[in-house]
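Residue strings, one per chain:
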Amino acid sequence: IMNSDVATNRSIAMAVRLKKEAKTPQEQITLGYQLGLGKNPSDAMLQKLLDHYKKMVPYHKAHTPEKVTYPTMVTRSLVEELSGEPFEYQEYLDIYEDYVPDTQASDVDAETRALADICLLLFNSNAFAFVY
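All residue numbers refer to positions counted from 1 along the written sequence of the respective chain. Totals for whole chains, interfaces and linings use every residue, but because this is a predicted model, local features are given only for residues with pLDDT of at least 70 and side-chain atom pairs only at 80 or more, for both listing and counting. Values shown for side chains rest on all heavy atoms present in the structure; no hydrogens or waters enter the calculation.

Colleague: Summarise the packing of aromatic side chains; cite the residues concerned and give the values.
Modeller: Only rings of Phe, Tyr and Trp enter the pairing, Trp through its six-membered ring, and a pair is recorded when the two centres are within 6.5 Å. The plane angle decides the type: under 30 degrees is stacked, over 60 is edge-to-face, the rest tilted. Counted according to the given criterion, the structure contains 1 aromatic pair. Taking the centre distance of 5.1 Å and the plane angle of 45° together, the rings of Phe123 and Phe128 count as tilted. For every residue, the accessible area obtained with a 1.4 Å probe (protein chains only) is divided by the maximum for its type, and the residue is called buried under 20%, exposed over 50%, and partly exposed between those limits. Phe123 sits in the buried class, given a relative accessible area of 13%. Accessibility expressed as a relative area gives 15% for Phe128, which makes it buried.

Colleague: Please provide a residue-by-residue account of the packing of helix H1 (residues 5-21) against helix H2 (residues 25-37), values included.
Modeller: The packing of two helices is summarised by the inter-axis angle and the distance between the axes. The contact between H1 and H2 brings their axes to 9 Å, and the two run at 125°. Taken together, the axis directions place H1 and H2 in an arrangement best described as oblique. Note on packing geometry: the crossing formed by H1 with H2 is right-handed. Note on element contacts: H2 touches H1 through Gln28, Leu31, Gly32, Leu35 and Gly36, opposite Met14, Arg17, Leu18, Lys19 and Glu21. Interaxial angle, 0 to 180 degrees, is taken between N-to-C directions of lines fitted to C-alpha atoms, where a helix line uses only the stretch in contact. In DSSP terms, a helix is any run of H or I states spanning at least four residues, a strand is any run of E spanning at least two, and both are numbered starting from the N terminus. Angular relationships are summarised with four words: roughly parallel below 35 degrees, roughly antiparallel beyond 145, roughly perpendicular across 65 to 115, and oblique for the angles in between. By definition, turning the near helix anticlockwise from the far helix through less than a right angle yields a left-handed crossing, and turning it clockwise yields a right-handed one. By definition, residues are in contact when any of their heavy atoms lie within 4.5 Å.

Colleague: Give a detailed account of the nonpolar core, specifying residues and quantitative values.
Modeller: The nonpolar core is taken to be a set of buried Ala, Val, Leu, Ile, Met, Phe, Trp, Tyr and Cys residues, with the residues joined through side-chain atoms within 4.5 Å. Counting residues in each nonpolar core, the largest one holds 24 residues, and the members touching the most others are Leu18, Ile29, Tyr53 and Leu115. When contributions to this core are tallied by element, the ones reaching two or more residues are H1, H2, helix H3 (43-62) and helix H4 (110-123). No other element matches H4, which puts 7 residues into this core. The residues touching Ile29, leaving out its near neighbours within four places in the chain, are Leu46, Leu49, Leu50, Tyr53, Leu115 and Ile118.

Colleague: Describe the packing of H3 against H4, and please don't skip the residues or the numbers.
Modeller: Where H3 contacts H4, the axes come no closer than 8 Å and their chain directions differ by 135°. On the basis of their axis angle, the class for H3 and H4 is oblique. Read as a crossing pair, H3 and H4 show a hand that is right-handed. Two secondary-structure elements touch here, H3 through Leu49, His52, Tyr53, Met56, Val57, His60 and Lys61 and H4 through Ala110, Glu111, Arg113, Ala114, Leu115, Asp117, Ile118 and Leu121. Each residue receives one of three labels: charged for Asp, Glu, Lys and Arg, nonpolar for Ala, Val, Leu, Ile, Met, Phe, Trp, Tyr, Cys and Pro, and polar for the others, Gly being one of them. Within the contact of H3 with H4, the residues separate by chemical class into 9 nonpolar, 2 polar and 4 charged.

Spelled out as C-alpha cells, the structure:
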C-alpha cells in the first residue's frame, strides 16, 4: 500500500477527521498516532512529526494539486487474433457517471495536506502493518 493512490486518499480522509476531532497540530498528530498505531507517540517522535508537519505546510502552500477527473470513455488498442491487424475501439465507462470520489488533495487546504503526509507516514510504517 506504500504511497499508492488508495493509501494517499485514506491519509487525506484521516487528516480531515483529525482536523475535526482535535484543535492543534500537536493534538491532531497525537490522535492520528493513537488511532493508527494504537499507542501514544514518545516526546521525541511527536517532535519529529511536528517538525515534518511544519516543513510540509509551506511546501503545500506553494504546490497546489490539480483536481482529479475520471474518464467516462477510453480508447482501447488491440491486435486481432487471427489476422494480426491492430484495431481500436471506444469503451464507455459508465461506472464514473455518478461516481463521487473521496475527498481529494485539491479539495483541502495546505495544513490538511501536510497532516495527510503525517498520516501516510504512519500508514507506511512497520508498526501500522503490525496493528493492521
